[in-house]
Amino acid sequence: MNLQLRDKVALVTGGSKGIGLGIVRELIAEGAKVANVNRSEVEGRQLERDYAAEGQDCFFIQGDLTDLSACKNAVEQTVGKFGRIDILINNAGVNDGVGLEDGPEAFLLSLQRNLIHYYALVHYALDELKKSQGTIINIGSKVCETGQGGTSGYAASKGAINGLTREWAVDLAPHNIRVNTVLPAETWTPLYEKCLAEMPDPEQAKAEIERLIPLGQRFTTIEELAAMVVFLASPMSSHTTGQIIVVDGGYTHLDRKCTFPSDVQGFGGAGV
Ligand code: NAP
């Protein structure tokens, strides 16, 4: 399928690792030019060099997005380099475990890590998106639908992102700008691997999570997540806006029984 993304310009936050890296790779494979903003430099600079060697653009912008000036700078540098922005992908974030006991200052910091830069980047990129009749894709999390415990700041941020998806879709429909959000649940990334590595038995912890994922009893891959994002970024989804799409192998919404041992699976077949 030709996604018609050749020479489109995408600004991706957190594109050096994990889900963001998957998105960057798919966008470039479709012929898009990418600006990738990250705190850490090593991976982003390496990506830039690797793609440049192949004649492709993966422009690295260093910045910590909790700083509003870094958000503004990311937009300005992208426009300075490529002259336009067609696609904004808000992806950077972290489940930072700021819970009820941590207090309002910690909660505000969590919103800065996970929410405020999503708004700031849309704000600063607005004129460019209006010019290009571009599209915005946010990466959310299932946590705002299910709760997780001990992570108020992250849950609030991701819930707000769902709300803003609808709000911005309404705001921006007159400009033909589409806004959608993709929710991962259990996607295998280096960060996830690092978190499990801190558990007493990482292999067992991984197996226990996998068992709960209906489709294939396995984690979602970054490529599967990115495929949805790239489709939403493309004109192939030209009449899709304000949608919150869960890419999680059925983890968040399907009947818990489907991951039970087989002798229990048939239970409820008569409408129980
Ligand atoms: P990851 O592997 O840690 O990658 C996140 C990337 O974002 C890193 O490159 C990180 O760069 C960058 N980043 C984070 N905060 C930043 C900041 N303040 N300024 C600049 N760059 C920043 O995480 P991931 O698992 O791919 O998560 C990506 C998104 O998916 C997040 O919004 C997360 O909430 C969401 N999500 C993931 C899962 C999952 O299962 N993986 C589940 C639900 C939701 P540095 O660390 O190098 O600075």
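First things first, this report covers the structure right here in the doc. All values reported here derive from a predicted model rather than from experimental measurement. (Residues numbered from 1 in each chain as written. Predicted model: local features only at pLDDT ≥ 70, side-chain atom pairs only at ≥ 80, totals over all residues. Heavy atoms only, no water.)

Observations concerning the side chain of asparagine 180
Turning to step 1, where the next piece is worked out: Following the sequence through the fold, asparagine 180 ends up in strand β6 (residues 178-184).
Turning to step 2, where the next piece is worked out: Of the polar contacts made by the side chain of asparagine 180, one reaches the backbone oxygen of threonine 240; its length is 2.9 Å.
Turning to step 3, where the next piece is worked out: Beyond its immediate chain neighbours, meaning those up to four positions away, asparagine 180 contacts Ile136, Ile137, Asn138, Thr165, Leu232, Thr240, Thr241, Gly242 and Gln243. (Helix = DSSP H or I, 4+ residues; strand = E, 2+ residues; numbered from the N terminus. Polar contact = N/O pair within 3.5 Å; in protein donor to acceptor, adjacent residues only side chain to side chain. Contact = heavy atoms within 4.5 Å.)

Some points on the site of the ligand
Turning to step 1, where the next piece is worked out: With respect to spatial proximity, 27 residues lie near the ligand, and among them Lys17, Asn38, Ser40, Asn91 and Tyr154 are the closest.
Turning to step 2, where the next piece is worked out: Contact between the ligand and leucine 65: a nitrogen atom at 2.9 Å from a main-chain N or O atom of the residue.
Turning to step 3, where the next piece is worked out: Burial of the ligand by the surrounding chains reaches 92%, relative to a free accessible area of 890 Å².
Turning to step 4, where the next piece is worked out: Elements supplying a minimum of two residues to the shell around the ligand: α1 (18-29), α6 (152-172) and α7 (190-197).
Turning to step 5, where the next piece is worked out: For the shell around the ligand, a count of residues per class yields 10 nonpolar, 12 polar and 5 charged. (Near = heavy atom within 4 Å. Areas by Shrake-Rupley, 256 points an atom, 1.4 Å probe, with all protein chains shown as cover. Nonpolar A, V, L, I, M, F, W, Y, C, P; charged D, E, K, R; others polar.)

Considerations on the nonpolar core
Turning to step 1, where the next piece is worked out: Judged by nonpolar contacts, the single largest core of 31 residues is most densely connected at Ile23, Leu27, Ile89, Val182 and Val229.
Turning to step 2, where the next piece is worked out: Elements with a contribution of two residues or more to this core: β1 (9-13), α1, α2 (42-53), β4 (87-90), α4 (104-132), β5 (135-139) and α9 (222-233).
Turning to step 3, where the next piece is worked out: Here this core gets 7 residues from one element, more than from any other, and that element is α9.
Turning to step 4, where the next piece is worked out: Among all residues touching isoleucine 23, those that are not within four sequence positions of it are Ile89, Ile139, Ala226, Val229 and Val230.
Turning to step 5, where the next piece is worked out: Membership of the second largest hydrophobic core comes to 25 residues, among which are Leu11, Ala35, Phe82 and Ala120. (Core = buried A, V, L, I, M, F, W, Y, C linked by side-chain atoms within 4.5 Å. Buried < 20%, exposed > 50% of the residue type's maximum accessible area, 1.4 Å probe, protein only.)

Examining α4
Turning to step 1, where the next piece is worked out: With 29 residues, α4 extends 39 Å from end C-alpha to end C-alpha; this agrees with the ideal 42 Å at 1.5 Å per step.
Turning to step 2, where the next piece is worked out: At leucine 126, α4 shows its largest kink, close to 60 degrees. (Expected span 1.5 Å × (residues − 1). Bend = angle between axes of the 7 residues up to and from the residue.)

Section: the packing of α7 against helix α8 (residues 202-211)
What describes two packed helices is the angle between their axes and the distance between those same axes.
Turning to step 1, where the next piece is worked out: At a closest axis distance of 8 Å, the pairing of α7 and α8 adopts a crossing angle of 120 degrees. In terms of axis orientation, α7 runs oblique to α8. Contact with α7, carried on its side by Tyr192, Leu196 and Ala197, involves Pro202, Ala205, Lys206 and Ile209 of α8 and no other residues of that element. (Axes fitted to C-alpha atoms, helices over the stretch in contact; angles between N-to-C directions. Parallel < 35°, antiparallel > 145°, perpendicular 65-115°, else oblique.)

Focus: the sheet that holds strand β7 (residues 243-247)
Turning to step 1, where the next piece is worked out: One open sheet holds the 7 strands; their spatial order is β3-β2-β1-β4-β5-β6-β7, and the pairing between them is parallel. Of all the strands in the sheet, the pair left with one neighbour each is β3 (58-62) and β7. Taking the axes of each pair of neighbouring strands and ignoring which way they run, one obtains an average angle of 20 degrees across the sheet.
Turning to step 2, where the next piece is worked out: Pairing of β4 with β5 involves 4 bridges; the strand directions are parallel. Along β5, the bridge assignment pairs leucine 88 with isoleucine 136.
Turning to step 3, where the next piece is worked out: Against the sheet, α2 makes contact with β2 (33-38) and β3, and its axis sits at roughly 160 degrees relative to β3, the strand it touches most.
Turning to step 4, where the next piece is worked out: Its contacts with the sheet place α6 against β5, β6 and β7, and it is angled at close to 160 degrees to β6. (Pairing = 2+ DSSP bridges.)

Everything listed is a geometric property; what it means functionally is a separate question.
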